[in-house]
Amino acid sequence: MFLFRTISTKDTYFLLTAINNNMAPKRHEYPYSKNEPSINDVYLLGKRIIGCHSSSSKTGKLTIGSSEDRLFRQSYGLSVAVVLEAWRLLQVHNLLPDGGCFYQLVWALHFMKYYEPELVLSAKFGADPKTFRKQMWPFIHALSELEYQNKLD
């Protein structure tokens, strides 16, 4: 006979964190400066966030339709070029959240693509759920504002 125990949300967070501990990059491990990621940096970050990072810092072929490109598009719903353009537009229109970093934009894109519970995503990304929510939602609002401004132009 199997016995099941109900576990609390806090227990679930710690369990998911333990499972994903080797996959989730820590904040200080992101491979680029705060505001100037390159195309290669974005591909590497995307792979690390979804748990496909390897010990090397190399990516495969970075052309449209390549396996790297398909993996990124499947995970985030956009190409790397579009993500970098969104980042640039957020900077140009002064819509970046206070203290916002590029990886938080990628978190927001992943959240919007899959709409998984924040508890699951925060464990996947190696962040506390409260911190994850506090850093991700301002980017979703900023992207919404950017879309609204582009409709006015």
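Residues numbered from 1 in each chain as written. Predicted model: local features only at pLDDT ≥ 70, side-chain atom pairs only at ≥ 80, totals over all residues. Heavy atoms only, no water.

Participant: Would you explain the overall build of the chain in this entry?
Facilitator: A count of helical and extended segments in the chain gives 7 helices and 0 strands. Reading the chain from its N end, one meets helices and strands in the order α-α-α-α-α-α-α. For the chain, long-range pairs separated by at least 24 residues make up 66% of all intrachain contacts whose partners lie at least 6 apart in sequence. In the structure as shown, the chain presents an accessible area of about 9300 Å², 56% of it carried by carbon and sulfur atoms. (Helix = DSSP H or I, 4+ residues; strand = E, 2+ residues; numbered from the N terminus. Contact = heavy atoms within 4.5 Å. Areas by Shrake-Rupley, 256 points an atom, 1.4 Å probe, with all protein chains shown as cover.)

Participant: Looking at this model, I keep getting lost on the packing of helix α2 (residues 39–49) against helix α5 (residues 102–114). Mind explaining?
Facilitator: Interaxial distance between α2 and α5 falls to 11 Å at its minimum, and their mutual angle equals 55 degrees. By the angle between their axes, α2 is oblique relative to α5. Considering the relative orientation of α2 and α5, their crossing is right-handed. Residue-level contacts link Val42, Leu45 and Ile49 of α2 to Phe102, Tyr103, Val106 and Trp107 of α5. Broken down by class, the residue content of the contact of α2 with α5 amounts to 7 nonpolar, no polar and no charged. (Axes fitted to C-alpha atoms, helices over the stretch in contact; angles between N-to-C directions. Parallel < 35°, antiparallel > 145°, perpendicular 65-115°, else oblique. Left-handed = near helix turned anticlockwise from the far one by under 90°. Nonpolar A, V, L, I, M, F, W, Y, C, P; charged D, E, K, R; others polar.)

Participant: Where do I start with the layout of surface pockets in this structure?
Facilitator: Reported here for the largest pocket is a volume of approximately 200 Å³. Forming the boundary of the largest pocket are Leu78, Val82, Val83, Ala86, Leu89, Leu109, Leu143, Ser144, Leu146, Glu147 and Asn150. In terms of residue count, helix α7 (residues 129–152) provides more of the lining of the largest pocket than any other element does, 5 residues in total. Here the lining of the largest pocket is composed, by residue class, of 8 nonpolar, 2 polar and 1 charged. (1 Å grid on protein atoms, 1.4 Å probe; cavity = no way out; pocket = protein on both sides within 12 Å on 5 of 7 lines; lining within 4 Å. Points joined across faces, edges and corners; volume = space filled by probe spheres on them.)

Participant: Looking at this structure, how should I read helix α6 (residues 118–125)?
Facilitator: Count 3.6 residues to each turn of an α-helix, and residues three or four apart come out pointing the same way. Taken across its 8 residues, α6 has 7 buried, putting it largely inside the fold. Within the span of α6, buried status applies to Glu118, Leu119, Leu121, Ser122, Ala123, Lys124 and Phe125. (Buried < 20%, exposed > 50% of the residue type's maximum accessible area, 1.4 Å probe, protein only.)

Participant: Help me out: how do you make sense of empty space enclosed by the protein in this one?
Facilitator: Over the atoms rolls a probe the size of a water molecule, and its path tells where empty space is left. Under the defined criterion, the tally for this structure stands at 1 cavity of 30 Å³ or more. The calculated volume of the largest cavity comes to roughly 30 Å³. Every residue along the wall of the largest cavity is listed here: Tyr43, Gly46, Lys47, Ile50, Glu68, Leu71, Phe72, Ser75 and Tyr76. Looking at the lining of the largest cavity, the elements with two or more residues in it are α2 and α3 (67–76). Taken together, the residues that form the lining of the largest cavity break down as 5 nonpolar, 2 polar and 2 charged.

Participant: Mind showing me how you'd approach the environment of Gly46 here?
Facilitator: Mapped onto the fold, Gly46 is located in helix α2. Note on Gly46: relative accessible area 2%, which makes it buried. Not counting the four nearest positions on each side in its chain, Gly46 is found in contact with Phe72 and Tyr76.

Participant: Would you mind showing me how to read α5 here?
Facilitator: Along its 13 residues, α5 runs 19 Å from first to last C-alpha, staying within 8% of the 18 Å computed at 1.5 Å per residue. In terms of burial, α5 is a largely internal element, 10 of the 13 residues being buried. With its phi angle positive at about 50 degrees, Tyr115 sits one or two positions after the end of α5. (Expected span 1.5 Å × (residues − 1).)

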